[in-house]
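Next come the chains, spelled out residue by residue.
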There are 2 protein chains.
Amino acid sequence: VSQKLLSSAVHYITPAVSTKSVIPILSGIKLHVDNNGLILTAANTGMMMQYEIENDSENLIVHNSGSIVIHSRYFVDIVRNMPYGLIKIEINDGLNVCIQSGMARYKLNGINPEEYPNLVKHEHCGKLTFSNHHLKHIIKQVTFTISTSETRPVLTGVSCEISNDQLRFVATDSIRLSSQTTNKFTTEHFDKSMTVIIPGKQLLDFSRLLTNEQGITDIAIGGNTITFKTNNLTLQSSLIEGTYPSIDRLKPETFTSELIVETTKFLRALERVTLLSGESNNVKLILMTVNSIVLSSKTEAIGDVVEEVIIEELDGKQLSVTFNGRYMVDIIRAIDSKKVKLRFTDKLKPIVVQPIDNPNSFFLITQIRTPDI
Amino acid sequence: VSQKLLSSAVHYITPAVSTKSVIPILSGIKLHVDNNGLILTAANTGMMMQYEIENDSENLIVHNSGSIVIHSRYFVDIVRNMPYGLIKIEINDGLNVCIQSGMARYKLNGINPEEYPNLVKHEHCGKLTFSNHHLKHIIKQVTFTISTSETRPVLTGVSCEISNDQLRFVATDSIRLSSQTTNKFTTEHFDKSMTVIIPGKQLLDFSRLLTNEQGITDIAIGGNTITFKTNNLTLQSSLIEGTYPSIDRLKPETFTSELIVETTKFLRALERVTLLSGESNNVKLILMTVNSIVLSSKTEAIGDVVEEVIIEELDGKQLSVTFNGRYMVDIIRAIDSKKVKLRFTDKLKPIVVQPIDNPNSFFLITQIRTPDI
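Predicted model, so just to flag it, every value in this text is computed and none were measured. (Residues numbered from 1 in each chain as written. Chains lettered and ligands numbered in written order. Predicted model: local features only at pLDDT ≥ 70, side-chain atom pairs only at ≥ 80, totals over all residues. Heavy atoms only, no water.)

### Re the pairing of strand β3 (residues 47-54) of chain B
On a regular strand, each side chain points to the face opposite its neighbour's, so the side chains alternate between the two faces of the sheet. Residues and elements named next belong to chain B. Selection criterion: Note on exposure labels: buried denotes an accessible area under 20% of the residue type's maximum, exposed denotes more than 50%, and partly exposed covers the range between, all computed with a 1.4 Å probe on protein chains only. We count a stretch as a helix when DSSP gives it H or I for four or more residues in a row; a strand needs E for two or more, and each element gets its number in order from the N terminus. Strand pairing follows a simple DSSP-based rule, namely that at least 2 bridges must link the two strands.
With respect to burial, β3 is a largely interior element, six of its eight residues being buried. Note: strand β2 (residues 37-43) against β3, seven bridges, orientation antiparallel. Paired with Ile-39 across the two strands is Glu-52, which belongs to β3. If you look at the hairpin formed by β2 and β3, you'll find three residues sitting between the two strands. Where β3 lies against strand β16 (residues 233-238), five bridges are found, and the strand directions are antiparallel. Directly across from Tyr-51, in β16, lies its bridge partner Leu-233.

### As for the relation of the copies chain B and chain A
For clarity, the threshold we go by: Copies overlap after least-squares fitting; the atoms used are the C-alpha atoms of residues with pLDDT of at least 70 in both.
Of the transformation superimposing chain B on chain A, the axial component is 0.0 Å and the angular component is 180°, with the fit at an RMSD of 0.0 Å. The transformation just described matches what one would write down for a two-fold rotation axis. Ranked by how close their C-alpha atoms come to the rotation axis, the residues of chain B are headed by Arg-208 of chain B, at 16 Å.

### Some thoughts on the sheet that holds strand β21 (residues 313-316) of chain A
Through backbone hydrogen bonds, the strands of a sheet pair up, either in parallel or in antiparallel fashion. All names here are of chain A. Condition: Helix axes are fitted only over the stretch in contact, all axes being lines through C-alpha atoms; the angle between N-to-C directions runs from 0 to 180 degrees. Whether two residues are in contact is decided by their heavy atoms: any pair within 4.5 Å suffices.
Spatially, β13-β9-β10-β11-β25-β24-β23-β17-β21 is the arrangement adopted by the nine strands of the open sheet, whose pairing is antiparallel. Looking at strand neighbours, the two that pair on one side only are β13 (194-199) and β21, the edges of this open sheet. With strand direction ignored, the average angle separating the axes of adjacent strands in the sheet is 20°. As paired elements, strand β10 (residues 166-172) and strand β11 (residues 176-182) share six bridges and run antiparallel to each other. In the sheet register, Arg-168 faces β11, and the bridge partner there is Thr-181. Sheet strands in contact with helix α3 (residues 132-143) are β9 (157-163), β10, β11 and β25 (361-365), and its direction is about 160° off that of β11.

### So, the interface of chain B and chain A
Heads up, the rule is: Joining two parts hides part of their accessible area as seen by a 1.4 Å probe, and the buried area is that hidden amount summed over both. Put simply, a salt bridge is a Lys or Arg side-chain nitrogen that is within 4 Å of an Asp or Glu carboxyl oxygen. Any pair of nitrogen or oxygen atoms within 3.5 Å is treated as a polar contact; in protein, a donor-acceptor pairing is required on top of that, and neighbouring residues in sequence qualify only through side-chain atoms on both sides.
Contacts between the two partners involve 29 residues from chain B and, on the opposite side, 29 residues from chain A. In total, chain B and chain A occlude about 2700 Å² of area from one another, counting both sides; carbon and sulfur atoms represent 59% of this. In this assembly, chain B and chain A are joined by zero salt bridges. Along the contact surface separating chain B from chain A lie 14 residue pairs in polar contact (both at pLDDT 80 or more). Elements with a contribution of two residues or more to the side of chain B that touches chain A: α2 (72-81), β7 (104-109), α5 (263-274) and β20 (303-310) of chain B. Ranked by the residues each element gives to the side of chain B that touches chain A, the list is headed by β20 of chain B, at seven residues. Pairing analysis gives five bridges linking strand β7 (residues 104-109) of chain A to β20 of chain B, with the strands arranged antiparallel. Along β20 of chain B, the bridge assignment pairs Arg-105 of chain A with Val-306 of chain B.

These figures capture arrangement, not role.
The structure is reproduced here in structure tokens:
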């Protein structure tokens, strides 16, 4: 097999390699070769990844069928360091592997491949197809609001509501929330609505590997498993069990004030003001005049900062709110619309943030209640 | 002062910023401004760095002289996040600083600058001048063999022997050694020979900042201090006290075998063989024929590797030696000559490694004594 191709295949499945698994066989990468090609599999307790190299008689020449599991740490380094050109891999009796290229020859002890887990086959189940570009964009807009705390496992995932021709991704860590709805996909065999919770980490791992933005990704959901497939790469993950909290009642329907600012200008000012927001990250936003808002923060013993941001459009009355500056920075960074709309209700309700050119996307961030001075 | 210039100045002196100093004032950066310009100083217990921005009435406009110390963590982030253009810095009574640009205004509590340490002035002392390109090259070739253990502090430094028109840098961690001699520099006021020990970390910090390879660096040595100066940047460090071990008796004068290999080919093979050298990093080199050497290593329970490397020239008899593969990789990586010469004496003597086109450079690596089988 060509060193270049094998090295890139190994790179793709690396996120699934277990580095400290309690199941010894998962510390290995499985190689399976037959007349169709060479399939590399890596697995940890959360997900499996597979990359297939086709038998084209040029980059891959198959002499005999066979399987073996090789210690991933060594295999990855060996493949990466081999000279360009073809690498000869020979599986011998007694689970020995010989890897050879140029004048280098490795003899490794392999592991019995029979105990290695297999991908779950999805049959007669629903399938969704996305352009990689759009899928990557949506994943970027929801995954940053995933909870990192294991106290409520469902919140470490992204809720995915599928109905007829619409799909809605929601993630929240209880302080901020992202909701992204899309109809830019095609379906097959989806005859009913369903909601599943996709583990956030796996979704992020997969989106990082979507380097070919022109390509497409098939997503199959069946049983308790989700499978992503793009070109030669497959990622399979368990879904998170449980019920995702209902979020529709969280978004305020009425507003006391609504304003529009330029995204980049607002972001830069927020970043600067957040620098002095200390451990609480509290940033105050005050609307006093019709032309601008004032952002401010302070750190005890260090100092304070104020910055004014020009408003593009305004509808409503004066206000003063406090929020987590870093969390707001994350939201504004994820928005690629030129202008952003902020909507406020009262002290108890979250602030609504929306890109002005996409009504299917919104973010919520809770206010921090501070003593009125 | 221009944001771009100030931001780059702050970047240069960052290596000297104390992050967890027990001396509170060292957690700050000192600003001193007068009609000549603005001088930024950062210091930790090991070194001081200074960057001078000249008063050119365009990138720096001076209204009044003054000094202040500002918490470095906040100052660095504030400067980096300010909009392009001019930043106005005002030092007020009571050690308050106001930093302003565009619509952002920071008010910070400063620290009294009087207690901040000052650079040692070198008067009537020796000075050496190097091209940055050459200095960087030499630093790269010695610093990787510095000891990281504090048990023998002198070995954490680079020994620098200065005589008439020659300078020799030596570093060793007792297992490997680098010796680099040069005459490509000019001197002033050096009327006697001397040997000083420069802290390795500071030498590395300075070389990383030598981005302008066309420039020159002045090195002044006096008392117990060494000062590097290039363009607007100054780094001052204490020297390490003590006596560096004499290393001349370590280099074998006679050889039983000498061979020449292509640097890149030898390096790649070494890297591959070292992958299976386990925790000991033991790599064996065997010379049996006149055409090639064989490198090998093994890791218990994992496997073994052998690779042959063609010899370009050979003088001497058959041999079998074992050395630390990773350390040898470091040495061969530091060599930029196309071919490299390896010289062997007997089991007790170190191996000598030399770039074939530079007789002023050599490396030693001790053999690992293994039971003869």
